[in-house]
Amino acid sequence: MKEFGQLLESLLAKKSSRIGQLEISASAGGYVVCNRDDVGRDDVAPREIEEAFEIAKFDDSGNYRPLKTAPNLQHGWKIFINNAAALQQAIDAFYPGRLAVLHALESGELVTTSLRETLDRQSGMYRVAAKISDQQIDDLVGNFCRSDGGCLRTILWKRDNTGTVPSTQLPSEKFASAQDQTGRNEKCIPLVCQEACNLLVAACREKVKTEGAMPPVP
């Protein structure tokens, strides 16, 4: 916890006050966190840090957000935070586990897992996901993981152990940790993706079940 807090303070001081769709600003010895789209608004509702989990659950229309790094974080709120430890707690509520992954990256200890390896280790009803073809992966990841409407994480994993990119349909910026995945081209703390999430694995299974396992392209 202390190491993560020190990392966060260092990033805020040296790099950026933004992570994902969050804007973090200094205020009276503490911090204020809000949606980046709401910066400058004076009509947002003050909320407590304990409400961060609930805010992160739903989008503006009240729909459940199964993927917390999707670019659909709700608007109209701000949270006053007293210290870096509480700020870490809030960020973990909005983006679970991302600070731990970032800490591993910054310390040179991050291990990534290719999509094929992730799919090959599935069992039970998800075992069929490993039958997905390379072309199906290219199409699926290109749509599912895109920053615009998909996911704001920066992808560091590969398609397989040959080092092939997950999808040729994604721009090179999707794999660059310094890139602002919201499309604003502002300095920001990255949301790092070290391996395919459970939702992508489930989508691979569904694609195989719907389309069948396509033969490899000769």
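First, a word on what this report is: a plain description of the structure on this page. (Residues numbered from 1 in each chain as written. Predicted model: local features only at pLDDT ≥ 70, side-chain atom pairs only at ≥ 80, totals over all residues. Heavy atoms only, no water.)

Enumeration over the complete set of coordinates arrives at two cavities of 30 Å³ or more. Of the pockets and cavities examined, the largest cavity occupies roughly 80 Å³. Lining of the largest cavity is provided by Leu-67, Phe-144, Cys-145, Cys-151, Arg-153, Ile-155, Trp-157, Lys-174, Cys-193, Ala-196, Cys-197 and Leu-200. Broken down by class, the residue content of the lining of the largest cavity amounts to ten nonpolar, no polar and two charged. Empty space within the second largest cavity amounts to approximately 60 Å³. Residue lining of the second largest cavity: Gly-20, Arg-36, Leu-152, Thr-154, Gln-179, Asp-180, Gln-181, Thr-182, Cys-188, Ile-189, Pro-190 and Leu-191, and that is the complete set. Tallied by class, the residues present in the lining of the second largest cavity amount to five nonpolar, five polar and two charged. (1 Å grid on protein atoms, 1.4 Å probe; cavity = no way out; pocket = protein on both sides within 12 Å on 5 of 7 lines; lining within 4 Å. Points joined across faces, edges and corners; volume = space filled by probe spheres on them. Nonpolar A, V, L, I, M, F, W, Y, C, P; charged D, E, K, R; others polar.)

On to the packing of aromatic side chains, then. Under the definition given, this model contains two aromatic pairs. Taking the centre distance of 6.3 Å and the plane angle of 70° together, the rings of Phe-58 and Tyr-64 count as edge-to-face. Aromatic side chains Trp-77 and Phe-94 sit 5.0 Å apart centroid to centroid with 15° between the ring planes, which places their arrangement in the stacked category. Linking Trp-77 in strand 5 (residues 77–81) with Phe-94 in helix 3 (residues 84–94), this pair joins segments that are 17 residues apart in sequence. The same class applies to Trp-77 as to Phe-94, namely buried. Here the basic side chain of Arg-205 rests over the ring of Tyr-126, its NZ or CZ set 5.7 Å away from the ring centre. (Phe/Tyr/Trp six-rings, centres within 6.5 Å; stacked < 30°, edge-to-face > 60°. Helix = DSSP H or I, 4+ residues; strand = E, 2+ residues; numbered from the N terminus. Buried < 20%, exposed > 50% of the residue type's maximum accessible area, 1.4 Å probe, protein only. Lys NZ or Arg CZ within 6 Å of the ring centre and 35° of its normal.)

Without other data, these values stay purely geometric and don't point to any function.
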